[in-house]
Each structure stands twice: as C-alpha cells, then as structure tokens.
Amino acid sequence: MQEVTQATMEFMKQYWAPLVCGLAIVAVLPLIVGYVVLVERKIMADMQARLGPMRVGPHGLLQPIADAVKLLIKEDIIPDDADKLVFWLAPVLSVGAALLAMAGLAIGPAFQIAQDINVGILFVVGVSAMGIFGIVLGGWASNSHYSLMGALRSSAQLVSYETAAGMALVCGLLFAGTLNVTSIVEAQRNQGIWFGLLAPVALFTYLVASIAETNRAPFDLPEAESELVAGYMTEFSGFRWSLYFLAEYTNMIVVASVATTLFLGGWLRPFSETRWLNFIDFFPPLLTAVIGVYCLMRTPKQPARVQQLFMLAVAGLCFAVAAVLASPVLVPIAKPSLAAAVRPFYAGIHGGFWFIFKVSAYIYFFMWLRFTLPRYRFDQLMRLGWHFLIPLSIINVLLIGIAMIVGVYYHLNGWRLLLATLPASIMALIIALFILALDQKGEAQKAPSRAPDSYA
Amino acid sequence: MLDQAIFYLFAGVAVVSAILTVTRRNAVHSAIFLITALLATAGIFLELRAEFLFIVQIILYVGGIMVLFVFVIMLVNLDVAVRQLQFARQKWVGLLISLALAAQVGLMLWSSRKIPGQGVPVLNAVPADKLPPNSEEVAKSLFSSYLLPFEIASVLLLVAMIGAVVMAKKRT
C-alpha cells in the first residue's frame, strides 16, 4: 500500500507540472485559435477595405465565442454510407496530433510541457506530420468523391513538401548542433545571431513548405472550394468540423513556432547580447501600453454602455500586461540591488512576449499571403515542390555544410560566420534562379495542348 | 512499476493491433491498425529511453511509409482486390516460420534469464538522467565505428532511389 502511495507521489512530482500545462493548453488553445480566426477575418477585411465582424462585442471582439457556441449546438450529421468509426476517429486524430506537437515547443525558457526532450524539434515535426492521417482518413471515411479528392491531394502535397521542409530544418540544425528546443535557442544566444540570417534561403524554403503543409492559401488545394466544395471537410459539420478547424490553426501555430525557434531566435530579444541596444527592452511594455491607450481613445465612440465597459476592460488588460512587462525593466533602473533577483522573471516574461510576437508576425505573413496571392493549380503546386523547392533545399544544405566547414576552419563565429554563409546563400539563390529558368524552358518546349490535370 | 505497466500497455496494444492488421478485410482499417502497432512500438522505444529511435520510427514509418500506404490504398481499385484470395495460400509455411521465430526468441529469453547483464539487456540499469544524449550517441557511433556500413547502406538506398526514378521514367 505504502509503495503504491510513494509511487503515486513520485508520479505526481514528476508529472503534475506537465499535466497541468497540458490541460491548460488543451483548454486555452481553442480560445486562442478562435481569436486567431477573428484576427484573420479582421486583417482580411482591412486588406479588402471592409470592416469585418463588428456586431458581437466592440469591434467584434466576442465573435469567436459566438462562433464556438454556434458550432457546438449545430446538428452533428454523419452520412449514411460513411465508415462510422473512421469518421469519428479522423478529426480526433487530426486535432490530437496538432495538440501533441504543441507539447514539444518551448515558449520562453520556462514554459515547456515536455521539458528538455532530447529530440525536441524532430518530435514536433514528426508528431505534427501525423495529423495528415486525420485528413486522409476523414476524406476516405466520408465516402464522397469531393472528400476523397481533397484527401488525396492533401497527402500528395504533404509528402512532397515534407522533404523540402526537412532539408530547411537541417540547415538550421547544422548551426545549432543539437535537436533540443531549448539548446537551439541557447545556441543562437551564444552565437549572437539568428540562424535565419545565416541561412535565409533555408528560412524561405521552410516558409513556403510550411504554408503548403498547413494547407493554407495559395496552396490550399485540398479544400479548394471552387473545385472540391470543401475538400476533405465536405461531409463534416458542427463539432467535428470545428475540430478540423482547430487542428488547422493549431498546425499553423506549430509551424510558426518551429520557424521561430530555429530561425528567428526563439524567445530572444533582437540583439539580445548587445548591451547598448538594451533600450529594445522598452518595446514590449510600450507596445501594449499604446494598444491600451488606443482602446481608451475608442471607448467614447462605442454605441452602447456595455460595449464601452468592455472596451475599458480591454484597455485595463493591456495596461496590466504593460505593467507586468515594464516591471523587470524599470526595477533594476530604480534599485540596482534588485537587478539579479528580477533577472529570471525578466527572462520568462519578456521571453514569452518575444516568442509570441514572432509567432504572430509569422502567422500574419501567412495571412498576408493568403489575401494577396491567387490559388495555384495542382500540377503547378507539384512542379513547384518537386522541380524547384526540393532541389533548392538540397543544394542549400550542401552549400551551408561547406560554409560551416569553412567557418570551423577559420574559427568564424557569430556575425563573422556570415562571411562564409553569405556567399553560400547567394550561390543558392543563383542556382535557384537557374533552376527556375531551366524549368520554364522545359515547360515551354512541352506541347501545352493537354488540359491541366486538376484532379491530380 | 509504472514503467512495467506502460511497457505492458504498449506491448499489448502492439500485439492486438498487429493481429487486427492481418485479420481486417477492409484495407484502410488494416492500415489504421498497422499505424497503431507502429506507434505502440515507438512507445516501447521511448520507454527504453531510446528517444531517437522513437522519433525516427514515427517520422519514417508512421509519417512517411504509412502515408504512402494509405495514399496507394485509396488510389487503387480495392473492389477488385477484395474479391481475390489474398493471404491463405502459404498457411503452413507461415505457421512453421513463425513457430521457428517464436522458438528462437523464447530460447534466447530462457537461456539468458539466469545471467544478469548478459544476453537480454536489463532495463533501467542506468538512471535516466545519467544516460548520454541519445541522438548524439547514435550519430557518434554511426559516423565513427560504423561509418563504412552506414555509407554502404546509403549508397544502397541511393541506388534504389535512382532505380525507382528510372523505372518510372521508362513508362512515359
């Protein structure tokens, strides 16, 4: 009996923190995703000179909650000819893989669920790639042609772009020398330079491949509504559909976090080791304070009393966050004796801010592309992947490897490593242009009489 | 104790889903159970603190090979395949081979049960936090002591890849 109690205690000590964090992620992530969707709609509206959702709450701030309630109380339809079990399993698999991948990420030095996984970044990539089964099986189980087409396109697309994404990651990992998420960011701190600057071509390759992997526009062919209704999601409704939606946006956050960790310095401030640029620390509190002031200015313009109060609450929240962010910067100035005590607090809070800031910027870029570029045709997508991106990424790994050898030979590190990697990147760019020219020439020689095979 | 419980859980899932893989008539269901079996095996690797093997199993088998499997299952016409007789032809040979394999494994387990530290490796001989980083160790041994076999294997894979490309090209 005592043994069991002791084992339980041991278990709790070892696992309660991850358990609580995991539950928090599962509980909070749908809310975050809801607001990402709201932000996306707002950005879309802004780019198209509209207002976007405005009705529920001030500036539509409560729209995600209304949407969630609507989705939850919708009728749950399962087609008669569907494979019931797989139909039930598929969305769960999709969202489960996406959430599990979140566990491997480190949002700041303190916030990581699975502490110090030795194979961290591989874990995130591998587990999030498993989400494809949710899409494929869901498309198959619906027993509908549109769904099956969407599923087939999706798996073909993922297999094609996974290679390019992996090769891009290899470039970053060459600099880091480790797979551990925390150590990767520490390596960037020690080098004093983000790996994205050392390997810009790899960053670009990963960006394109990650858009394709998350099935986002302009590569959203699995759910191209003009051809396939909604692709693999056609037969899904209500809660199941929202699970797919959750998985898609979670995957976006995951790929953005991987890129942030490996290429954009993770939770590090820009120029984190340069003393005379320490004033950048004032940016996070200032930014949130400015947002708060803007909310205050807008408050009198709200039509109803409730909305005014809500706006005030948002402003208050912004000011509270600004105060929390400002405290570790201002305290050492006021009382230098407390500087050491504030240090870990500073690392955690500001690290979290910078990580979320970079992830948001990356996701904003996704959205920007979505509302700017028209959708590709499926054969164009495949050609881009196989004829351009994969050769480019492989050549880039080769060139970056050579640059690393040169760097080790001449003892280059930090910014001086750019001396070796910059020529490599330029060479990769030239080769990329060469590949593009070659590909276009080959395309021009081919007889263009055949109709495009839009069903893959 | 917890370790053992987790091991038996994973082992049970692996065995049951492996059996279901060969007994299901529907190819997609078989594929799902094969994925489950592979994932359970990956879980056992993780239980043994072989993180690198764990993640390679997931990326390679689950994320790579099984995606292609499912893709092909959906591309080919399964109605024809279901009507054909598929497995049963070599029932006795299969039984014989699996019995021989089971006897081998059983003999190994039986003969090594009395000598600790030899034959079957003892679980948790080293505390988990004292273990050297897993992927680094794999890389070191691959690129130092086993460099030649590693290179031969990669050349073999390259040959297979080029062969596949050549065969695919010939048809068009």
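Residues numbered from 1 in each chain as written. Chains lettered and ligands numbered in written order. Predicted model: local features only at pLDDT ≥ 70, side-chain atom pairs only at ≥ 80, totals over all residues.

1. Looking at the overall build of chain A
Looking only at helices and strands, chain A has 16 helices and two strands in total. Seen through its C-alpha atoms, chain A measures out along the principal axes to roughly 75 × 65 × 65 Å. In chain A, which comprises 456 residues, the proportion classed as buried is 42%. The contacts in chain A between residues at least 6 apart in sequence include a share of 77% that link residues at least 24 apart. (Helix = DSSP H or I, 4+ residues; strand = E, 2+ residues; numbered from the N terminus. Buried ≥ 20, exposed ≤ 12 C-beta atoms within 10 Å, placed from the backbone. Contact = placed C-beta atoms within 7 Å.)

2. A short note on the packing of helix α9 (residues 200–213) of chain A against helix α15 (residues 378–409) of chain A
Residue and element names in this part refer to chain A. One can describe the packing of α9 onto α15 by two numbers: an axis separation of 10 Å at closest approach and a directional angle of 145°. At the point where α9 passes α15, the crossing takes the left-handed sense. On α15, the residues touching Val 201, Ala 202, Thr 205, Val 208, Ala 209 and Ala 212 of α9 are Gly 385, Leu 389, Leu 392, Ser 393 and Asn 396. In terms of residue class, the contact of α9 with α15 is built from seven nonpolar, four polar and no charged. (Axes fitted to C-alpha atoms, helices over the stretch in contact; angles between N-to-C directions. Left-handed = near helix turned anticlockwise from the far one by under 90°. Nonpolar A, V, L, I, M, F, W, Y, C, P; charged D, E, K, R; others polar.)

3. Digging into the interface of chain B and chain A
Counting residues at the interface gives 20 residues for chain B and 25 residues for chain A. Elements supplying a minimum of two residues to the side of chain B that touches chain A: α2 (27–47), α3 (51–75) and α6 (134–143) of chain B. Ranked by residues supplied to the side of chain B that touches chain A, first place goes to α3(B) with 12 residues. Partitioning the side of chain B that touches chain A into residue classes produces 16 nonpolar, three polar and one charged.

4. Quick word on α3(B)
Taking 1.5 Å of rise per residue, 25 residues should cover 36 Å, and α3(B) covers 34 Å from first to last C-alpha, within 8% of that figure. At B:Met66, α3(B) is bent by approximately 30°, the largest bend along its length. Along α3(B), the residues that are buried comprise B:Glu51, B:Phe54, B:Ile55, B:Gln57, B:Ile58, B:Ile59, B:Val62, B:Gly63, B:Met66, B:Val67 and B:Val70. Against α4 (120–129), α5 (131–141) and α6 (145–176) of chain A together with α2 and α6 of chain B lie the buried residues of α3(B). (Expected span 1.5 Å × (residues − 1). Bend = angle between axes of the 7 residues up to and from the residue.)

5. Side note on the environment of A:Val408
The topology assignment puts A:Val408 in helix α15. Along the chain, A:Val408 and A:Arg50 lie 358 residues apart, while their C-alpha atoms are 54 Å from each other.

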